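Coordinate analysis (summary)
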Amino acid sequence: MNFLFVCGWCGEECVLFCRRVGFWGNRFEDPEEFECWWCGGTSTTPYGPWTPAD
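First, a word on scope: everything that follows refers to the structure included in this document. (Residues numbered from 1 in each chain as written. Predicted model: local features only at pLDDT ≥ 70, side-chain atom pairs only at ≥ 80, totals over all residues. Heavy atoms only, no water.)

**Quick word on the overall build of the chain**
Scanning the chain for helices and strands turns up zero helices and seven strands. The order of α-helices and β-strands along the chain, N terminus first, is β-β-β-β-β-β-β. Viewed in the frame of its principal axes, the chain has a C-alpha envelope of about 35 × 20 × 15 Å. A buried classification covers 22% of the 54 residues belonging to the chain. Contacts in the chain between residues at least 24 apart in sequence constitute 38% of all its contacts with a sequence separation of at least 6. When the accessible area of the chain is evaluated, it comes to approximately 4,300 Å², of which 53% is carbon and sulfur surface. (Helix = DSSP H or I, 4+ residues; strand = E, 2+ residues; numbered from the N terminus. Buried < 20%, exposed > 50% of the residue type's maximum accessible area, 1.4 Å probe, protein only. Contact = heavy atoms within 4.5 Å. Areas by Shrake-Rupley, 256 points an atom, 1.4 Å probe, with all protein chains shown as cover.)

**Overview of the environment of F28**
Summarising the element assignment, F28 is placed in strand 4 (residues 27–29). Taking the relative accessible area as the measure of exposure, F28 reaches 22% and is therefore partly exposed. Considered as a pair, F28 and G40 are twelve residues apart in the sequence and their alpha carbons are 24 Å apart. Filtering out sequence-adjacent residues up to four positions away, F28 remains in contact with M1, F3, C18, R19, R20, V21 and W50.

**Details of the pairing of strand 2 (residues 13–17)**
Where burial is concerned, the two faces of strand 2 differ: the one with C14 and L16 is buried and the one with E13, V15 and F17 is not. Note that strand 1 (residues 2–6) and strand 2 share five bridges and pair antiparallel. Within strand 2, the position partnered with L4 by the bridge is V15. (Pairing = 2+ DSSP bridges.)

**What about the nonpolar core?**
Side chains that are nonpolar tend, in soluble globular proteins, to be buried together. Counting eight residues, the largest nonpolar core is built from F3, F5, C7, C14, L16, C18, F34 and C36. Of all the secondary structure elements, the ones that give two or more residues to this core are strand 1 and strand 2. Leave out the neighbours within four places in its chain, and F3 touches C14, V15, L16, C18, F28, W50, T51, P52 and A53. (Core = buried A, V, L, I, M, F, W, Y, C linked by side-chain atoms within 4.5 Å.)

**Comments concerning the state of the cysteines**
In this structure the tally under the stated criterion is zero disulfides. The thiol of C14 is unpaired, and the distance to the nearest cysteine sulfur, on C36, comes to 3.8 Å. C39 takes part in no disulfide bond, and the closest cysteine sulfur to it belongs to C10, at a distance of 3.8 Å. C39 gets classed as partly exposed once you look at its relative accessible area, which sits at 39%. (Disulfide = S-S within 2.5 Å.)

In short, shape yes, function no, at least from these values alone.
Encoded structure:
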């Protein structure tokens, strides 16, 4: 599922794919860090809840 994260460097919205995990598939595995597509900066993934991307 895709989630929307905001870059900590430039404030641009980034869409990341987080795969379903767990027995019921109701949890998502997030990367510890993500690279912004706009500025190339590395940001840490915030704690949930996250905003699903459409």
